[in-house]
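Summary of the model geometry
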Amino acid sequence: MSENYILQMDNVTKEFPGVKALDSVQLHVERGTVHALMGENGAGKSTLMKILIGIYTPDQGVIKFDGEELHLANVKNALDKGISMIHQELSPVPQMTVAENIFLGREPSIAGWVKQKKLVENTKKLFERLEMDINPRAKMEELSIANTQMVEISKAISYNSKLIIMDEPTSAISEKEVHHLFKMIKSLKKDGVSIIYITHKMDELEMITDEFTVFRDGKYVGTKHSKNLSREELIQMMVGRELNQVFNKVPAEISDVALSVKHLSKQNKIKDISFEVKKGEIVGIAGLMGSGRTEVLESIFGVHAADSGYIEIHGKKVAIRSPRDAIASGMGLLTEDRKLSGLFLPLSVEDNMITVNIDRYIKGPFLDKKKIATDCKKQHNRLKIKTPNLQQRINNLSGGNQQKALIARWLLHDPEILFLDEPTRGIDVGAKTEIYNLIFELANKGKAIVVISSELPEILGLSDRIIVMQEGRIMGELSREEASQEKIMELATRELVNN
Amino acid sequence: GCGQEAASKDGSSKDGKIVIGAALPDFDDKWLSYLQDGMKEYASSQKDVEVIYVDAMNDANKQLSQVENFISQDVDAIMMIPVDTVSAPNIVDRANSEDIPIVIVNRQYEEVDAATAYVGSDSLKAGTMQMEEVAKLLGGKGNVAIMDGVMGHDAQIKRTQGNKDVVEKNKDMKIVLNGTAEFDRAKGMTLAENWLQSGKEINAIVSNNDEMAIGAIMALEDAGKLEDVVVAGIDATPDALDFVKSGKLKVTVFQDARGQGKGGLETAIKAAKGEKVEKFNWIPYELVTEDNVDEYIKKWE
Amino acid sequence: MQRDIKITEQIDTHTHYRKLQKEKASHFLGKYGMLLILIALVVLMSILSPTFFTSGNLLNIVRQMSIIGIVAIGVTMVIITTGIDLSSGSVIALVSVMVATFAQPNSYPLVVAIFIGLGIGLLAGVINGTIIAKGKIAPFIVTLGMMTAARGAALLFSDGRPIGNLSPTFTFIGQGTLLGIPVPIFIFAFVGIFSYMLLNHTKFGKYVYAIGGNEQAAIIAGVNVVKYKILIYGYAGLLSSVAGIVLTSRIASGQPTAGTMYELDAIAAAVIGGTSLTGGIGTIGGTIIGALIIGVMNNGLDLLNVSSYWQQILKGAIIVIAVLIDSRKNKKA
Amino acid sequence: MQRDIKITEQIDTHTHYRKLQKEKASHFLGKYGMLLILIALVVLMSILSPTFFTSGNLLNIVRQMSIIGIVAIGVTMVIITTGIDLSSGSVIALVSVMVATFAQPNSYPLVVAIFIGLGIGLLAGVINGTIIAKGKIAPFIVTLGMMTAARGAALLFSDGRPIGNLSPTFTFIGQGTLLGIPVPIFIFAFVGIFSYMLLNHTKFGKYVYAIGGNEQAAIIAGVNVVKYKILIYGYAGLLSSVAGIVLTSRIASGQPTAGTMYELDAIAAAVIGGTSLTGGIGTIGGTIIGALIIGVMNNGLDLLNVSSYWQQILKGAIIVIAVLIDSRKNKKA
Ligand SMILES: Nc1ncnc2c1ncn2[C@@H]1O[C@H](COP(=O)(O)OP(=O)(O)OP(=O)(O)O)[C@@H](O)[C@H]1O
Ligand SMILES: Nc1ncnc2c1ncn2[C@@H]1O[C@H](COP(=O)(O)OP(=O)(O)OP(=O)(O)O)[C@@H](O)[C@H]1O
Ligand SMILES: [Mg+2]
Ligand SMILES: [Mg+2]
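Residues numbered from 1 in each chain as written. Chains lettered and ligands numbered in written order. Predicted model: local features only at pLDDT ≥ 70, side-chain atom pairs only at ≥ 80, totals over all residues. Heavy atoms only, no water.

Note the cut-off: UniProt positions are given in the numbering used here, feature names are shortened, and annotations may be inferred rather than shown by experiment.
Chain A is annotated in an unreviewed UniProt entry as Ribose/galactose/methyl galactoside import ATP-binding protein from Bacillus canaveralius. Note on chain A: under the UniProt heading Catalytic activity (unreviewed entry), the record states "D-galactose(out) + ATP + H2O = D-galactose(in) + ADP + phosphate + H(+)". A UniProt comment under Sequence similarities (unreviewed entry) is attached to chain A, and it reads "Belongs to the ABC transporter superfamily."

1. Section: the overall build of chain A
Convention followed: Where helices and strands are cited, they refer to DSSP runs of H or I of at least four residues and of E of at least two residues respectively, numbered from the N terminus. We compute the radius of gyration from the C-alpha atoms alone; for a globule the expected value is 2.2 Å times N to the 0.38, where N is the number of residues. Three exposure classes are used, based on accessible area relative to the maximum for each residue type with a 1.4 Å probe and protein chains only: buried under 20%, partly exposed in between, and exposed over 50%. In what follows, residue pairs with any heavy atoms lying within 4.5 Å of each other are defined as contacts. Accessibility throughout is a Shrake-Rupley quantity obtained with a 1.4 Å probe, and a residue counts as covered only by protein chains that appear here. Under the counting rule used here, the positive set is Lys and Arg, the negative set is Asp and Glu, and His together with the chain ends is not counted. Charged side chains are reduced to one point each, which is NZ for Lys, CZ for Arg, CG for Asp and CD for Glu.
Helix and strand counts for chain A stand at 17 helices and 24 strands. Its C-alpha radius of gyration of 24 Å places chain A within 12% of the 23 Å reference for a compact globule of 499 residues. Dimensions along the principal axes, computed over C-alpha positions, put chain A at roughly 70 × 55 × 50 Å. Taken across its 499 residues, chain A has 62% of its residues classed as buried. The contacts in chain A between residues at least 6 apart in sequence include a share of 66% that link residues at least 24 apart. Of the roughly 19200 Å² that chain A leaves accessible, carbon and sulfur atoms contribute 48%. Side chains of chain A carry 67 positive and 69 negative charges; the gap between the two charge centres is 3 Å.

2. Some thoughts on the site of ligand 1
Our working definition: What makes a residue near a molecule or strand is one non-hydrogen atom of that residue sitting within 4 Å of it. Two N or O atoms count as a polar contact when they lie within 3.5 Å, although within protein this holds only if one can serve as hydrogen donor and the other as acceptor, and sequence-adjacent residues are included solely when both atoms are side-chain atoms. Under the grouping applied here, Gly and all other residues not named as nonpolar or charged are polar, the nonpolar ones being Ala, Val, Leu, Ile, Met, Phe, Trp, Tyr, Cys and Pro and the charged ones Asp, Glu, Lys and Arg. An automatic or database domain assignment supplies the start and end points of every domain.
Surveying the vicinity of ligand 1 reveals 21 residues, the closest of which are N41(A), G42(A), S46(A), T47(A) and N396(A). Bordering ligand 1 are residues originating from chains A and C. Contacts to ligand 1 include G44(A), whose backbone N or O atom sits 2.9 Å from an oxygen atom. Between an oxygen atom of ligand 1 and a side-chain N or O atom of S46(A), the distance comes to 2.7 Å. Calculation on ligand 1 without its partners gives an accessible area of 640 Å², and the protein chains cover 89% of this total. Looking at the shell around ligand 1, the elements that each hand over two or more residues are β2 (19-30) and α1 (45-52) of chain A. Per-class residue counts for the shell around ligand 1 are 6 nonpolar, 10 polar and 5 charged. Summarising the domain contributions, the shell around ligand 1 has at least three residues from each of domain 1 (2-239) and domain 2 (257-498) of chain A.

3. As for helix α9 (residues 293-300) of chain A
Along an α-helix, residues three or four apart share an orientation, since each turn contains 3.6 residues. In terms of residue burial, α9(A) counts as a mostly covered element, since 8 of its 8 residues are buried. Just downstream of α9(A) lies G302(A), where phi reads positive at about 85 degrees.

4. Let's talk about the interface of chain A and chain D
Applied cut-off: Simply put, the buried area is the total loss of 1.4 Å probe accessible area from both parts when two parts are fitted together. The rule for a salt bridge is simple: a side-chain nitrogen of Lys or Arg has to be within 4 Å of a carboxyl oxygen of Asp or Glu.
The partner chain D presents 39 residues to the 62 residues of chain A that form the contact. Buried area between chain A and chain D, summed over both chains or domains, comes out near 4800 Å², and the portion from carbon and sulfur atoms is 58%. Broken down residue by residue, the surface that chain A buries against chain D is led by Q95(A), E141(A) and I145(A), which jointly contribute 12%. Inspection of the region where chain A meets chain D yields 1 salt bridge.

5. Quick word on the coordination of the magnesium ion (ligand 4)
Residue and element names in this part refer to chain A. What counts is decided by this rule: Counted as donors are the N, O and S atoms within 2.8 Å of the metal, or 3.2 Å for Na, K and Ca, while water is not among the atoms, so some sites may look incomplete.
The coordination sphere of the magnesium ion (ligand 4) contains the protein donors T294 (OG1) and E336 (OE), at a distance range of 1.8 to 2.3 Å. Of this pair, T294 sits in helix α9 while E336 sits in the loop between β18 (331-334) and α11 (338-341); the two residues are 42 residues apart in sequence, bridging distant segments of the chain. Across this residue pair, the class does not change: T294 and E336 are buried.

6. Some words on the sheet that holds strand β7 (residues 172-180) of chain B
Residues and elements named next belong to chain B. Applied cut-off: When DSSP finds two or more bridges between a pair of strands, those strands are recorded as paired. Helix axes are fitted to C-alpha atoms over the stretch in contact, other axes to C-alpha atoms as well, and angles between N-to-C directions run from 0 to 180 degrees.
Read from one edge to the other, the open sheet built from 4 strands follows the order β7-β6-β8-β9, with strand pairing classed as parallel. A strand with exactly one partner marks an edge of an open sheet, and here the two such strands are β7 and β9 (230-232). The average angle at which neighbouring strand axes cross in this sheet is 20 degrees, direction not considered. Sheet topology places strand β8 (residues 204-207) next to β9; 3 bridges connect them, and they run parallel. By the bridge assignment for β9, A204 is matched with V230. This element, helix α7 (residues 185-197), spans β6 (141-148), β7 and β8 of the sheet and lies at about 145 degrees to β6.

7. Some points on the packing of aromatic side chains
Put simply, the rule reads: Pairing of aromatic rings covers Phe, Tyr and Trp, the last through its six-membered ring, and needs centres within 6.5 Å; plane angles under 30 degrees mean stacked, over 60 mean edge-to-face, and all others mean tilted. Only lysine NZ and arginine CZ atoms are considered, and such an atom sits over a ring when it is within 6 Å of the ring centre and within 35 degrees of the ring normal.
Under the defined criterion, the tally for this structure stands at 19 aromatic pairs over all chains. Here F301(A) and F419(A) contribute two aromatic rings whose centre-to-centre distance is 6.5 Å and whose plane-to-plane angle is 80 degrees, an arrangement assigned as edge-to-face. Remark: F419(A) occurs in strand β21 (residues 417-421) and F301(A) occurs in the loop between α9 and β16 (308-313); sequence separation between them is 118 residues. When the ring of F204(D) is compared with that of Y235(D), the centres are 6.4 Å apart and the planes differ by 70 degrees; the resulting orientation is edge-to-face. With F204(D) in helix α9 (residues 203-213) and Y235(D) in helix α11 (residues 225-250), this pair connects stretches of sequence that are 31 residues apart. For the pair shown, F204(D) and Y235(D) are each scored as buried. Here the aromatic residues F190(D), F194(D), F204(D), Y207(D), Y228(D) and Y235(D) are joined through ring pairs into a cluster of three or more. Geometry around Y159(A) places R106(A) over its ring, the cationic atom sitting 3.6 Å from the centre. Here the guanidinium or amino end of K40(B) rests over the ring plane of Y53(B), the centre of that ring lying 5.3 Å away.

8. Considerations on a nonpolar patch on the surface
Residues and elements named next belong to chain C. What counts here: Patch definition: residues with relative accessible area over 30% and no salt bridge; like charges joined within 9 Å; nonpolar side chains (Val, Leu, Ile, Met, Phe, Trp, Tyr) joined within 5 Å.
Where nonpolar side chains cluster on the molecular surface, the patch consists of L59, F172, L178, L179, I181 and F186 and spans about 560 Å² of accessible area. Secondary-structure assignment places L179 in the loop between β1 (177-178) and β2 (181-182). Of the residues examined, L179 reaches a relative accessible area of 84% and is grouped as exposed.

9. Some remarks on the arrangement of the chains
The pair of protein chains exhibiting the most contacts, out of 5 pairs of chains in contact, is chains A and D. Nothing in chain A touches chain B; the tightest C-alpha to C-alpha distance between them is still 37 Å.

10. What to know about the domain arrangement of chain A
Residues and elements named next belong to chain A. If you check the domain split of chain A, you get domain 1 (2-239) and domain 2 (257-498). The gap between the C-alpha centroids of domain 1 and domain 2 is 31 Å. Between domain 1 and domain 2 lies a buried interface of about 1200 Å² when both sides are counted; carbon and sulfur atoms form 53% of it. For the domain 1 face of the interface with domain 2, the top three residues by lost area are E40, N41 and H200, together amounting to 37%. Put simply, domain 1 and domain 2 have 1 salt bridge between them. Of the charged contacts in the structure, one is a salt bridge between D217 and K386, with a shortest N-O distance of 3.0 Å. The interface formed by domain 1 and domain 2 includes 1 residue pair in polar contact (both at pLDDT 80 or more).

11. Details of the pairing of β8(B)
All names here are of chain B. Our working definition: For the handedness criterion, the strands are oriented away from the viewer, and a crossover whose path from the first strand over the helix to the second runs clockwise is classed as right-handed.
Neither face of β8 is open: one carries A204 and V206, the other I205 and S207, and all of them are buried. As paired elements, β6 and β8 share 4 bridges and run parallel to each other. Note that in β8 the partner of V144 across the bridge is A204. Handedness of the crossover joining β8 and β9 through helix α8 (residues 210-223): right-handed.

12. Brief notes about the packing of helix α7 (residues 168-175) of chain D against helix α8 (residues 183-201) of chain D
Residues and elements named next belong to chain D. What counts here: By definition in this entry, angles of less than 35 degrees are roughly parallel, angles greater than 145 are roughly antiparallel, angles of 65 to 115 are roughly perpendicular, and the rest are oblique.
Remark: α7 packs on α8, axes separated minimally by 6 Å, with the N-to-C direction vectors making an angle of 70 degrees. Considered as vectors, α7 and α8 are oriented roughly perpendicular to each other. Along its contact with α7, which presents F172, I173 and G174, the element α8 presents V183, P184 and I187. Tallied by class, the residues present in the contact of α7 with α8 amount to 5 nonpolar, 1 polar and no charged.

13. A word on the nonpolar core
Residues and elements named next belong to chain A. How we decide: Put simply, buried Ala, Val, Leu, Ile, Met, Phe, Trp, Tyr and Cys residues joined by side-chain atoms within 4.5 Å make one nonpolar core.
Membership of the largest hydrophobic core comes to 404 residues, with the highest contact counts inside it found for L7 and L52. Not counting residues up to four positions away in its chain, the partners in contact with L52 are L7, M9, I63, L70, L72, A78, I83, L163, I165 and I196. Counting 35 residues, the second largest nonpolar core, distinct from the first, contains F103, I134, V178 and I195.

14. A short note on the side chain of T47(A)
Here T47(A) lies in helix α1. When near neighbours in sequence (up to four residues on either side) are disregarded, T47(A) contacts K14(A), F16(A), A21(A), L22(A) and Y56(A).

15. So, the interface of chain C and chain A
For an interface, size is often stated in terms of accessible area lost upon the parts coming together. Residue-level contacts link 36 residues of chain C with 45 residues of chain A. Put simply, chain C and chain A have 2 salt bridges between them. Note that D351(A) is salt-bridged to K206(C), the shortest N-O span being 2.9 Å. At the boundary of chain C with chain A, the tally comes to 7 residue pairs in polar contact (both at pLDDT 80 or more). At the level of elements, α1 (2-11), α2 (15-18), α9 (183-201), α10 (203-213) and α11 (215-220) of chain C are the ones that each hand at least two residues to the side of chain C that touches chain A. Ranked by residue count, the leading element in the side of chain C that touches chain A is α10(C), at 6 residues. Looking at the side of chain C that touches chain A, its residues break down into 15 nonpolar, 13 polar and 8 charged.

Here is the structure:
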């Protein structure tokens, strides 16, 4: 019986001070299968995987791997035993080359002397096998996020492990790479490799996984076959209740033009960008990776100045040289990378919320702490942020809850124009729905909203109007009625096809 | 003046000027700044003499580098106050091997006769004189606290050694406390405050320099114990002389900074001109107490 | 499980600091851990030296530490922003000679001297902050440059000599007492309370933490990072001035060599007090405790007449061990 | 369930790093910018002082800088890992007095003295590294503690006195010449080449960059970060030893006060040479250029007879300006 299983984790408990991340959970993975691990943000998926790869030690529990009991002292141990992992948080060494990153810790060497050529050759061979086209000598920092992710994937595969853990490998890559990855997974499966696959994307379940296990709040809920799975049932398992329709769009009253962007250009990154957003309107920006969507929002917001063009707010031309100016003119920006440009990791949830809005709490020379506490508490309840209290360090929250706290930051400030760049990246279904409803609510209050999303269903479900970009240019606009996934893709790739 | 600077850019004595390299250990040191004054006064009274002053910042290695720089500049003579007297012979050898006369000032050591000349006095002597006077004031008995300068510096080593030699000779005297205040007034004050809190009976605080002694006096005054404790310093700085005058600082030792500076430079110039110079040019220490303090106050005016 | 925690710590750069406040219990220890070490040190010294635990000596310690303490408070804010200030000691020296020049009896009114003193430090701090914030140069390098340059300026200005003969009204600042308590302690307390309010109850304070927590995020959130960095370094410079004025008044002379290495003591006080060099974390209370630990150590070792060589060895060891114990304790909790 | 078409963008996560080396052109300037500044400084000095550009003086500069240069190479590696080493100067002093004790004529064979010297520095470095890596204490604090303690140990061991009378075979290391070139320059060159190889062609070197670039990445790749940190600090300590031996031999005496503030010069050399205090970036070549810039500056200012006070002011300013110009140039390109 147990030979069928490459991995059996039983009664695993892991407590962090203040949080019981895992409460006596189990995970059984059959040999040569792809096993999905599902659950809301903070369910404990990554924690269990970090235990399996030797980063954390469980407080309790038995782990049997490949027939023998597993006691890991460190990551190297796990790698040696035949377990490798694609981590949820990308962690390249930016200054080192692709080849050096892939073989970090196991460089081909004689007496410590690294054989540089061999290193590059090995990488080339690996890439050939995986049909990847990345220069092994390129510096990691020069790669796009998608390619960085692909390098991490190939790195995990290159260990030739018996079990590969993939923690949200598709959260930052596009269609093409996803297909590529699935191909790799299938071929690995054929070679008898087992895979644990973590994702928040339901459709992926059916496409490549054999079984899935669901966790909720650190507890084991159940394990099922992926075939014949109903989405409703899965969601029920994950959130413990039924979720209504994901996009509950209430049409808002669309009135005057709030923001109009005129002929914005910047080097060769964005070219002659003009568009308008009206009060109550949700405008989506779609495009392939690197199409410059983020750059557009960041230029408008004054993060890096545009070379030419200007911006009008409520019909008045405004000069925006910094995010400060942008905020003063009534704009807000939820950035796409919360770690890099959103969170104050060592600070409390409360302090993270009030940064933009702080001027409103000044009473005499001091801050009105009572008012801060009540206002933040309101957001805490409204967004259902999972945290014991608002004095908790935000670093201790799961990704989804961190994202909610950042949304709270802008809700507190209540800008007239709100830019949301990938607002639901790495967020589970339950939370996603909540965030969507929130966006609709804001639009109904007459806010002008611009959303960037790489998930087409999301952009289709949210937007009144969709702008499609390609290589820094606006390729066209689609109304809610005429928009479809196919039409967006057509615009996003039109010129490429023509070429 | 300007002319002199221009000459330095030529860097040699070819235009008839005599260039003297002055390697000083520490420009931050107040006493040495008076010595430098003495040199400058003398230099400005001399025609066709240019002096290049360099500061080793109490780093023997840096001093060696600076002397090397002098050698590569081909100066006519070097006047050096060694950062420390152990590495000095080596530096002197360097100059000798390039046939550049080198005059050692202020800090004496055993092999100093390898240098062209020595101008100054014996550092150990300052410590001895200071403690002998303290011993006299204490009637040859009592508890002594010694306040060291920056540990490992020439003045600290020799002055403290001198102090200890005297205490050893006086059976009824004892060193009860010993700590460093790094030649600094604030640190001297702090150290004295802490000593006073220690509850040990202290009859004298003997300090490696005046600044620390003044710090000690301030701490003693604050604690109302200045009457009971003899404080002694070294250097006879203008500040210190005021304290001697008011009877708070019982002893200090005058070392003729200007005299040494002038004497050293004079000797170096002579050597540069190829004139014969005396090997040893003693400039003695002088004990300063309330009795003779006015004499010294005048010197600074 | 001991090992596990170790690895956790490696994986996340912030875990180390996170641990400090993770839970109420460990929060308590994190916050008061150093206080316990301070108390332990006081108890130890009291046992070793009968005169240590007397009100006179304890006042003594606080007075002695007030100068480093004042500097350390400014340095704490700088470190919270992920910066560092190596120039404090030299700025003290520059302030010292300038103030002394203007605090001669019957020359200028006292306020002139004090304003000039405060102005110098503020200026030095603002220069630091401006180059760091606008030039985007590492604070270590900028303040290292200022450290060298300000010392040179102090020496140049005073010609390397102390400036004595200060007016008695001026020397009251450092030497006087009010209600039996030395004036420097009042100044220290005032600076401490003022800075505490500033850091915990004002926008300025929140921005200090925000800049240290994530500078990029602070920019996006509309914080004028350049301006606030200049203000923060300016404030640190200002506190160096205050320290310089107290010091000058206390020793009744302007000293171009004053304050040597004070920056290191101040940084040590801040870090011992729990300020994190990686930014975003630190408190005024912690820093004051850190300063007192250093003060107790210096005083105790002097009282015990430990030789100055051994004092240095012990001080080095105690600093490291204190921080080590503190971080261990947090792990256990 | 229908598969949703998905588009993903290129997230701008790495802007921070990208800026550093965005284009080949700025890459070039970034790499050679400081070399240009060095050349500019040399030209300037040659114009101002005719004796500057003579082979004697140039050799002089290199010889003088070899000690700081050797230290700076070790410090560079430490800084690449996001660390810092403040203890170098004090370790030099401790090595100096120990070596001098064992290098008396007719006492021990030369190798004994040298091995003891190297051992002391290595040990100090390993202690630093162990506390930093295992104790997870900030390098600033650990090496500050070591700085204080090692100085105390040096003073204790030598009773505060320089130790002279060294054997001539020993003094050859610092004073001798081979083929007309001073021995310290050979040692400097050897250390430079060896360290270059180590940093660029070995696992050790890769891990130095990996730990500095992203410690977490190194850990999850199974790199024994603790071990390598210990080795890196150990190597830095070893190079402090080498510097200490050369220095002792050069001045023919063991000095408990030797090396004061050398750590700051070494760090300045590394940073001027392009090593980033935020880790992951730095080269041996850059550091050597940085050391030479400091050397040229010291030598030139002395040659020009600039007063010591002004020298300090200028040095402070030059350090900042050099780094400022360098960073400007990168931005423009
Ligand atoms: N190092 C840590 N210290 C304290 N709490 C932690 C730590 N790591 C995780 N947690 C907590 O443990 C819980 C589980 O987190 P985990 O990262 O495993 O969630 P997840 O299921 O991977 O969520 P997501 O889908 O958002 O990635 C969360 O509440 C999180 O806040
Ligand atoms: N890692 C990178 N290195 C160099 N250039 C990059 C990198 N990533 C993006 N760019 C360039 O920057 C420009 C805009 O990219 P940016 O990442 O700002 O847009 P974007 O984030 O891809 O927009 P979107 O929201 O569509 O993803 C593009 O021309 C792209 O080629
Ligand atoms: Mg996760
Ligand atoms: Mg984007």
